[in-house]
Amino acid sequence: MSTPATYETILVEYADGIATITLNRPDSLNALNLTVLEDVTAAASAADADDGIRAIILTGAGKAFAAGADIKQMSSLDFATAYRKNWFAGWSRLDDVSKPIIAAVNGFALGGGCELAMMADILIASEKAKFGQPEINLGVLPGMGGSQRLTRAIGKAKAMDLCLTGRMMDAEEAERSGLVARVVAHDSLIEEAESIAATVASKSLIASSMVKEAVNVAFETPLQQGLAYERRLFHASLATNDQSEGMAAFVEKRKPDFTDS
Ligand code: CAA
């Protein structure tokens with residue numbers, strides 16, 4: 001495990017095989033400007049490439065996870081620039097991260113903040129978290145996946161409700177709706193995220209990456225194609241040392257010693 005680089009808008013800490021990335025612009029509620037995009041995607045890629053890191057936590061400093069794309073930066077953005085530069089497309093670099101990402105949503109997750117949380121693999125929320133797609137209040141619409149990932153996560157009825165009214169939903173409603181995996185006490189959010197990350201990190205990295213790949217394929221393919229894809233990945237998993245070790249450990253009633261090979 002190497003020492004993480006330092007960044008302008010985020011804090012990055014490596015400990016016990018877990019990289020924790022903290023959005024750190026609390027004065028602007030961690031609004032996502034272009035530097036944040038560069039920093040978060042670079043830090044996530046670096047953690048993904050580091051052999052000592054097995055899971056990534058993404059959270060925010062202060063009372064927000066992120067209150068959206070930076071409205072001040074966007075207020076002078078015109079169509080031609082946004083189109084030519086394919087504004088927001090850079091966030092898709094997070095899709096290339098193969099290690100599990102856990103979003104620990106500590107407060108406001110609005111607009112791009114909600115969309116960023118939805119790019120994670122496991123989403124847990126503090127009881128103080130608030131989710132929403134308030135872009136409609138600014139005369140625009142979600143641009144980092146809100147209309148797509150939110151609809152897949154919670155269905156058309158709720159996604160339309162949130163995107164058309166711009167209202168916020170609390171953590172309890174987010175869990176009930178299927179957006180969030182777990183709601184935890186605010187003060188134990190990071191502890192819970194670390195505990196989930198440690199559990200995930202204790203598995204074979206090949207198996208966890210395959211799980212991530214297979215679940216994500218479910219969003220991209222018809223069922224039969226997805227089932228065939230999953231089956232092939234399962235067949236491939238039989239070629240790993242971790243499969244031999246995992247099954248031998250079960251039979252021998254001991255803990256597996258995975259080597260990511
Ligand atoms: N961009 C830039 N600055 C922001 C911001 C944002 N998205 N959200 C909050 N801030 C800034 C505020 O301007 C304020 O800065 P100043 O102290 O310099 O005035 C500071 O953060 C604190 O914010 P508030 O005083 O507003 O805090 P509050 O507790 O009263 O309200 C809030 C909190 C309800 C979240 C409110 O800040 C808010 O509505 N923020 C905007 C939410 C939003 O519309 N998000 C969508 C952005 S567009 C988008 O994300 C597009 C996309 O799909 C990618």
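This is a predicted model, so every value here is computed, not measured.

Details of the pattern of salt bridges
Point 1. If you walk through the whole model with that rule in mind, you get 11 salt bridges.
Point 2. Here E173 ties to K158 by a salt bridge, and the two come within 2.5 Å at their closest N and O atoms. Of this pair, E173 sits in helix α6 (residues 171–177) while K158 sits in helix α5 (residues 146–165), and the two are 15 residues apart along the sequence.
Point 3. On the basis of relative accessibility, which here comes to 10%, the residue E173 falls in the buried class.
Point 4. Here R176 ties to E172 by a salt bridge, and the two come within 3.1 Å at their closest N and O atoms. A residue pair is termed a helical-turn pair when its members lie 3 or 4 positions apart in one helix, as R176 and E172 do in helix α6 at 4 residues.
Point 5. Connected through salt bridges with shared partners, the residues K158, D161, R167 and E173 form a single ionic network.

Overview of α5
Point 1. In this model, α5 (20 residues) spans only 14 Å end to end at C-alpha, well below the 28 Å of a helix rising 1.5 Å per residue.
Point 2. Along its length, α5 reaches its greatest deviation from straightness, about 130°, at G155.
Point 3. Among the residues of α5, G146, L150, I154, A159, L162 and C163 are the ones counted as buried.
Point 4. On its buried side, α5 packs onto α4 (112–119), β9 (168–170) and α6.

Some thoughts on the domain arrangement of the protein chain
Point 1. When its domains are assigned, the protein chain resolves into domain 1 (10–202) and domain 2 (205–252).
Point 2. For domain 1 versus domain 2, the separation of C-alpha centres amounts to 27 Å.
Point 3. The interface of domain 1 with domain 2 comprises 9 residues on the first partner and 6 residues on the second.
Point 4. Taken over both partners, the interface formed by domain 1 and domain 2 buries close to 640 Å², and the fraction arising from carbon and sulfur atoms is 51%.
Point 5. Taken together, the connections running from domain 1 to domain 2 amount to 1 salt bridge.
Point 6. In this structure, K212 engages D121 in a salt bridge whose closest nitrogen and oxygen atoms are separated by 2.8 Å.
Point 7. In this structure, the connection of domain 1 to domain 2 is made through 4 residue pairs in polar contact (both at pLDDT 80 or more).

As for empty space enclosed by the protein
Point 1. Under the counting rule described, the total for this entry stands at 2 cavities of 30 Å³ or more.
Point 2. Taken as a whole, the largest cavity holds about 50 Å³ of empty space.
Point 3. Lining the largest cavity are L32, N33, L34, L37, A69, D70, Q73, M74, W87, F88 and W91.
Point 4. When residues of the lining of the largest cavity are traced back to their parent elements, those giving at least two are α1 (34–49) and α2 (71–74).
Point 5. Taken together, the residues of the lining of the largest cavity break down into 8 nonpolar, 2 polar and 1 charged.
Point 6. In this structure, the second largest cavity encloses a volume near 30 Å³.
Point 7. Surrounding the second largest cavity, I21, V40, A44, I56, L58, L94 and I101 form its lining.
Point 8. Secondary structure elements with two or more residues in the lining of the second largest cavity: α1 and β3 (55–60).
Point 9. Of the residues belonging to the lining of the second largest cavity, the class tally is 7 nonpolar, no polar and no charged.

Some words on the sheet that holds strand β4 (residues 64–66)
Point 1. With mixed pairing, the 4 strands of this open sheet are ordered in space as β4-β6-β8-β9. What marks the edges here is a single partner per strand, and that holds for β4 and β9. Adjacent strand axes in the sheet meet at a mean angle of 20°, parallel and antiparallel pairs treated alike.
Point 2. Pairing between β4 and strand β6 (residues 108–110): 2 bridges, direction parallel. Looking across to β6, one finds that A66 is bridged to A109.

Structural notes on a nonpolar patch on the surface
Point 1. A surface patch of nonpolar side chains, about 260 Å² in accessible area, is lined by I71, L138 and V140.
Point 2. Following the sequence through the fold, L138 ends up in the loop between β8 (130–132) and α5.
Point 3. When its relative accessible area of 47% is taken as the criterion, L138 is described as partly exposed.

Criteria and cut-off values
Residues numbered from 1 in each chain as written. Predicted model: local features only at pLDDT ≥ 70, side-chain atom pairs only at ≥ 80, totals over all residues. Heavy atoms only, no water. Salt bridge = Lys/Arg side-chain N within 4 Å of Asp/Glu carboxyl O. Helix = DSSP H or I, 4+ residues; strand = E, 2+ residues; numbered from the N terminus. Buried < 20%, exposed > 50% of the residue type's maximum accessible area, 1.4 Å probe, protein only. Expected span 1.5 Å × (residues − 1). Bend = angle between axes of the 7 residues up to and from the residue. Contact = heavy atoms within 4.5 Å. Domains from an automatic or database assignment. Buried area = accessible area lost by both parts, 1.4 Å probe. Polar contact = N/O pair within 3.5 Å; in protein donor to acceptor, adjacent residues only side chain to side chain. 1 Å grid on protein atoms, 1.4 Å probe; cavity = no way out; pocket = protein on both sides within 12 Å on 5 of 7 lines; lining within 4 Å. Points joined across faces, edges and corners; volume = space filled by probe spheres on them. Nonpolar A, V, L, I, M, F, W, Y, C, P; charged D, E, K, R; others polar. Pairing = 2+ DSSP bridges. Axes fitted to C-alpha atoms, helices over the stretch in contact; angles between N-to-C directions. Patch = residues over 30% accessible without salt bridge, like charges linked within 9 Å, V, L, I, M, F, W, Y side chains within 5 Å. Areas by Shrake-Rupley, 256 points an atom, 1.4 Å probe, with all protein chains shown as cover.

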